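# Coordinate analysis (summary)
The lines below spell out each chain.
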Amino acid sequence: MSQSLFYLIAFLSIFFSLMVIFTKNPVHSVLYLIITFFTFTIHYILLNAQFLAIVNFIVYMGAIMVLFLFVLMLLNLNQETEPAKSNLLKIAGVVAGMCLLVTLVGSVKALNASNPVVLTHPNLGLVKNLGKVLFNEFLLPFEISSILLLSAMVGAVLLAKKEA
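Everything numeric in this text was worked out from a predicted model, so none of it was measured.

Another point: the nonpolar core. Within soluble globular proteins, side chains that are nonpolar generally end up buried alongside one another. Listed in full, the seven residues of the largest apolar core are Val 30, Ile 34, Phe 37, Met 61, Met 65, Leu 69 and Leu 72. Of all the elements in the fold, those that place two or more residues in this core are α2 (26–46) and α3 (50–75). Broken down by element, this core gets its largest block of residues, four residues, from α3.

And the structure:
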């Protein structure tokens, strides 16, 4: 069951990532990218990495993709403002794509089939274990980074605030 679910999610990941590339409408492309990141979140859950799944869900799907959507809506993209691409640029794109394809085919052929990875510690990716390590061994760097982020937020608010 788990292996068939993995293959289904892997197929959906590849399908939606191709839809990101081949969709003409940039807003639809960003929406397909959100779905692709969601399939990556499911992969992290299948790999028992709940923290990575939550971070991927919150940071990428929640923040960065919303930012992309707002930027695309603010740009007001339409066909009239799109500059015509020269034939030289199109040929360069085809050559670069073919080089990428040759590299991918060569790397797939170089892969050796290996035995499946078996986790020796099944609770390795749990948030509880990460929290224990983070707040015991790495408490000082964690607190310093939180102070740094807090000062960056205060600085951004002060820079964005209009003078009254």
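Between helix α1 (residues 2–22) and α2, the least distance of the axes is 8 Å, while the angle of their chain directions is 160°. The angle between α1 and α2 places the two elements in the roughly antiparallel class. In the packing of α1 onto α2, the handedness of the crossing is left-handed. Of the residues in α2, those in contact with Leu 5, Phe 6, Ile 9, Ala 10, Leu 12, Ser 13, Phe 16, Ser 17, Met 19 and Val 20 of α1 are Ser 29, Tyr 32, Leu 33, Ile 35, Thr 36, Thr 39, Phe 40, Ile 42, His 43 and Leu 46. Taken together, the residues of the contact of α1 with α2 sort by class into 14 nonpolar, six polar and no charged.

On to the packing of aromatic side chains. Applying the stated criterion across every chain, the model contains seven aromatic pairs. Taking the centre distance of 6.3 Å and the plane angle of 20° together, the rings of Phe 11 and Phe 15 count as stacked. A residue pair is termed a helical-turn pair when its members lie 3 or 4 positions apart in one helix, as Phe 11 and Phe 15 do in helix α1 at four residues. The class for Phe 11 is exposed, based on a relative accessible area of 53%. The interplanar angle of 25° and the centroid separation of 6.0 Å between the aromatic rings of Phe 16 and Tyr 32 together place this pair among those described as stacked. With Phe 16 in helix α1 and Tyr 32 in helix α2, this residue pair connects regions lying 16 residues apart in the sequence. On the basis of relative accessible area, Tyr 32 is assigned to the partly exposed category, the value being 23%. Members of the aromatic cluster, each reached through a chain of ring pairs, are Phe 11, Phe 15, Phe 16 and Tyr 32.

Another aspect to go through is α1. With 21 residues, α1 extends 30 Å between its outermost C-alpha atoms, agreeing within 8% with the 30 Å of an ideal straight helix rising 1.5 Å per residue. Within α1 the residues assigned to the buried category are Ile 9, Ala 10, Ser 13, Phe 16 and Val 20. End-on, the buried residues of α1 take up no more than an arc of 140°, which puts them together on one face. In α1, the exposed positions angled more than 90 degrees off the buried face are occupied by Gln 3, Tyr 7, Phe 11, Ile 14 and Phe 22. Contacts from the buried residues of α1 go to α2.

Within the fold, Thr 39 resides in helix α2. Beyond its immediate sequence surroundings of up to four residues, Thr 39 is in contact with Ile 9, Leu 12 and Ser 13.

Rules used in this analysis
- Residues numbered from 1 in each chain as written.
- Predicted model: local features only at pLDDT ≥ 70, side-chain atom pairs only at ≥ 80, totals over all residues.
- Heavy atoms only, no water.
- Core = buried A, V, L, I, M, F, W, Y, C linked by side-chain atoms within 4.5 Å.
- Buried < 20%, exposed > 50% of the residue type's maximum accessible area, 1.4 Å probe, protein only.
- Helix = DSSP H or I, 4+ residues; strand = E, 2+ residues; numbered from the N terminus.
- Axes fitted to C-alpha atoms, helices over the stretch in contact; angles between N-to-C directions.
- Parallel < 35°, antiparallel > 145°, perpendicular 65-115°, else oblique.
- Left-handed = near helix turned anticlockwise from the far one by under 90°.
- Contact = heavy atoms within 4.5 Å.
- Nonpolar A, V, L, I, M, F, W, Y, C, P; charged D, E, K, R; others polar.
- Phe/Tyr/Trp six-rings, centres within 6.5 Å; stacked < 30°, edge-to-face > 60°.
- Expected span 1.5 Å × (residues − 1).
- Arc of directions from axis to C-beta.

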